[in-house]
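# Notes for the structure review
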Amino acid sequence: MSNLLTYIIFLPLVGSILLLLLNRERVTAIKTIGIALSVLTFIVSLLLYFGFDSENPGIQFVHKVSWISSLNVSYSVGVDGLSILLVMLTTFLTPIALLSSWKSIEKRVKEYTIMILLLETGMLGVFCALDMFLFYVFWEAMLIPMYFIIGIWGGGNRIYAAIKFFIYTMFGSLLMLIAIIWLGYYASTQPNGQFTTDLMQLYSIGPTIPLTIQSWMFLAFTLSFAIKVPLFPFHTWLPDAHVEAPTAGSVILAGVLLKMGTYGLLRFSMPLFPDATMKFMPYIAALAVIGIIYGALVSMVQTDIKKLVAYSSVSHLGFVVLGMFSLTEEGIQGAIIQMINHGLSTGALFLIVGMIYERRHTREISEFGGLAKVMPIFSTFFMIVSLSSIGLPGLNGFVGEFLILLGSFNSPFLNQWFTILSATGVIFAAVYLLWMYQRVIFGKVTNPLNQNLLDLSKREIAVLVPVLVFIVWIGIYPNTFLKQSASTTKKIVSIVTQKPLPRLAATEQSVKLGNTQGK
């Protein structure tokens, strides 16, 4: 079982190599093999999920091999309660994204499928890497296929959007690379120390760094991750990328890629630099609250459905960042589950927008109206997903937002006004989503082009049903997923707030437990 994680990470890569051998004219075979390989990756990842010990806060399924011995760099992967759910989200959404593209992607199908599979390998590697050099390699690797997915298969302004996405992300990546080298060098200056990028070793070194240096390193890492989230005011690349990307690209971008930023904050910025985290916490929380309100208000005035959903991501992920920087167990638990919720709900919204775009080739709200009479099945799915994104009790969004608001309200480090102001984002979400839904779905069919629209096909229903199952599941019984991250959350809080759990002892115990579990 120690190699299981490596199999999961590189199975899509192997699939993309196999697709290279196929004739590009065999379009149906390419699509079928691509979906089959992504489904196989999901099935194998279920072994990881069911073999995961939720009571163990340490790293599990560890696989470590020396890579660049002169720099003490290794191929080291593993998962804990923070990454296991994100790995599952990635392997779950990828086949759904490919299936949604069955009819919408008609040119260069072979290259498109290969890019999606390469992107999946990069994303899985980011969530599993335990060596910071390896993490950086995967971080950069996933940037390339996403650039091509937007730039080749995107909309009319795709080149601008792809370049903007690339420049923003690359700028943040360079800052992170500098901080990684700086951190590794600092490790070499310690007694009997040596240059290392091993995350487990750096967990015991990072908190000992003087606050001034720690602050600069924290800012370098955090800025890189804030751009990826994106946290206000680093969000301007996101609407362009979402609007121009093909449907599957938007689903993966919203569902998984944005979570790399929030994951990075929890995995690197906060536990490596706890003193700097405490120093900058109120400022980052303030940016999160601004993002919540700003994203919601801008969503209200959008006339393009896809752009409305894109700006809603700025608001929803503001909640995630606020929960993390509340430094409470409830807040961080809520942030982790809200990452999953956002991937499901917003991913489903982009799927639905893509389905109506395939029929009408427009996303302007004013072009629709009365679709409930013409497309009742579509309207039902749209309603459930919209309500989940709003945070209706009984659906997934409510669980995450409730825990985040509870954690931030009870936080000893944040003023309660942070919670009060951020709660307005929930109200604004209801306004912009229900208003959009009312204009698109209800009323009379005034546009003759909408009178004969076809309702959802069996394939489209098959795309949406699995997502809706988890939307309801998390809303009704969230403990299935919350328990996976509970012990890891306690560990993160104890490290950052410097509660009695000794950092070094906890880290060594985590590695030992992880290696045992991996075997």
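The preceding data block contains the structure.
Residues numbered from 1 in each chain as written. Predicted model: local features only at pLDDT ≥ 70, side-chain atom pairs only at ≥ 80, totals over all residues. Heavy atoms only, no water.

A few words on the overall build of the protein. Within the protein, the secondary structure is distributed over 20 helices and 2 strands. Over its C-alpha atoms the protein spans a radius of gyration of 22 Å, differing by no more than 12% from the 24 Å that the globule rule assigns to 519 residues. Dimensions of the protein along its principal axes, counting C-alpha atoms only, are 75 × 60 × 40 Å. Taken across its 519 residues, the protein has 61% of its residues classed as buried. Of all intrachain contacts in the protein linking residues separated by at least 6 positions in sequence, the fraction that spans at least 24 positions is 81%. In the structure as shown, the protein presents an accessible area of about 18900 Å², 68% of it carried by carbon and sulfur atoms. The centroid of the 31 positive side-chain charges in the protein is displaced by 4 Å from the centroid of its 23 negative side-chain charges. (Helix = DSSP H or I, 4+ residues; strand = E, 2+ residues; numbered from the N terminus. Rg over C-alpha atoms; globule rule 2.2 N^0.38 Å. Buried < 20%, exposed > 50% of the residue type's maximum accessible area, 1.4 Å probe, protein only. Contact = heavy atoms within 4.5 Å. Areas by Shrake-Rupley, 256 points an atom, 1.4 Å probe, with all protein chains shown as cover. Lys, Arg positive; Asp, Glu negative; His and termini not counted. Charge placed at Lys NZ, Arg CZ, Asp CG, Glu CD.)

Before going further, it helps to examine the pairing of strand S2 (residues 73–79). The element S2 is largely enclosed, with a buried count of 7 among its 7 residues. Of the two faces of S2, the one carrying Val73, Tyr75, Val77 and Val79 and the one carrying Ser74, Ser76 and Gly78 are both buried. Hairpin remark: strand S1 (residues 60–68) followed by S2, antiparallel, with 4 residues in the connecting loop; positive phi at Asn72, about 60°. (Pairing = 2+ DSSP bridges.)

It is worth spelling out the pairing of S1 at this point. As paired strands, S1 and S2 are joined by 6 bridges and run antiparallel to one another. By the bridge assignment, His63 is partnered in S2 with Val77.

Moving on, we get to the pattern of salt bridges. Tallied over the entire structure, the rule returns 7 salt bridges. Linking Glu111 and Arg24 is a salt bridge whose minimum nitrogen-to-oxygen distance equals 2.5 Å. Remark: Arg24 occurs in the loop between helix H1 (4–20) and helix H2 (27–51) and Glu111 occurs in helix H4 (residues 109–128); sequence separation between them is 87 residues. The class for Glu111 is partly exposed, based on a relative accessible area of 23%. Judged by relative accessible area, which is 44%, Arg24 ranks as partly exposed. Close ionic contact of Lys164 with Asp240 constitutes a salt bridge, the shortest N to O distance being 3.0 Å. In this pair, Lys164 is assigned in helix H6 (residues 158–188) and Asp240 in helix H9 (residues 237–244), connecting sequence segments 76 residues apart. (Salt bridge = Lys/Arg side-chain N within 4 Å of Asp/Glu carboxyl O.)

Looking now at a nonpolar patch on the surface. On the surface, a nonpolar cluster with roughly 550 Å² of combined accessible area is contributed by Val465, Val469, Val472, Trp473, Ile476 and Tyr477. Examined against the element boundaries, Val469 turns out to sit in helix H18 (residues 458–476). (Patch = residues over 30% accessible without salt bridge, like charges linked within 9 Å, V, L, I, M, F, W, Y side chains within 5 Å.)

Below, the discussion takes up the packing of H6 against helix H8 (residues 211–228). Two elements in contact, H6 and H8, have axes whose closest approach is 8 Å; the angle formed by their N-to-C orientations is 150°. With respect to H8, the element H6 is oriented roughly antiparallel. Pair H6 / H8 crosses with left-handed handedness. Classifying every residue of the contact of H6 with H8 by side-chain character gives 18 nonpolar, 4 polar and 1 charged. (Axes fitted to C-alpha atoms, helices over the stretch in contact; angles between N-to-C directions. Parallel < 35°, antiparallel > 145°, perpendicular 65-115°, else oblique. Left-handed = near helix turned anticlockwise from the far one by under 90°. Nonpolar A, V, L, I, M, F, W, Y, C, P; charged D, E, K, R; others polar.)

Moving on, we get to unusual backbone geometry. Note the cis peptide between Val229 and Pro230, where omega equals -10°. The residue Pro230 is located in the loop between H8 and H9 in this model. Of the consecutive residues Phe232 and Pro233, the connecting peptide bond is found in the cis state with omega at 10°. Along the polypeptide, Pro233 turns up in the loop between H8 and H9. Residue Phe61 is not a glycine yet carries a positive backbone phi of 55°. Summarising the element assignment, Phe61 is placed in strand S1. Phe61 gets classed as buried once you look at its relative accessible area, which sits at 1%. For Arg108, which is not glycine, the phi torsion reads 50° and is therefore positive.

Further remarks concern the environment of Lys107. Along the chain, Lys107 falls in the loop between helix H3 (84–100) and H4. Between the C-alpha atoms of Lys107 and Lys259, which are 152 residues apart in sequence, the distance is 29 Å. Discounting residues that sit within four places of it in the chain, Lys107 has contacts with Ile152, Trp153 and Arg158.

As a further point, take the nonpolar core. Ranked by internal contacts, the top residues of the largest apolar core, which has 177 residues, are Leu257 and Met324. Once you skip the residues sitting within four places of it in the chain, Leu257 turns out to touch Leu119, Met123, Met142, Met146, Phe165, Lys228 and Ile252. (Core = buried A, V, L, I, M, F, W, Y, C linked by side-chain atoms within 4.5 Å.)

Below, the discussion takes up the packing of H6 against H9. Running from N to C, H6 and H9 point in directions that differ by 135°, and their axes come no closer than 9 Å. Taken together, H6 and H9 sit at an angle that is classed as oblique. The two elements H6 and H9 meet at a crossing, and its hand is left-handed. Each of Arg158, Tyr160, Ala161, Lys164, Phe165 and Tyr168 in H6 lies in contact with H9, whose residues at this interface are Trp237, Asp240, Ala241 and Glu244. Considering only residue class, the contact of H6 with H9 consists of 6 nonpolar, no polar and 4 charged.

Note on placement: His63 falls in strand S1. In this structure the side chain of His63 is engaged in a polar contact, spanning 2.7 Å, whose partner is the side chain of Thr6. (Polar contact = N/O pair within 3.5 Å; in protein donor to acceptor, adjacent residues only side chain to side chain.)

From the geometry alone we can't say anything about function, so treat these as descriptive.
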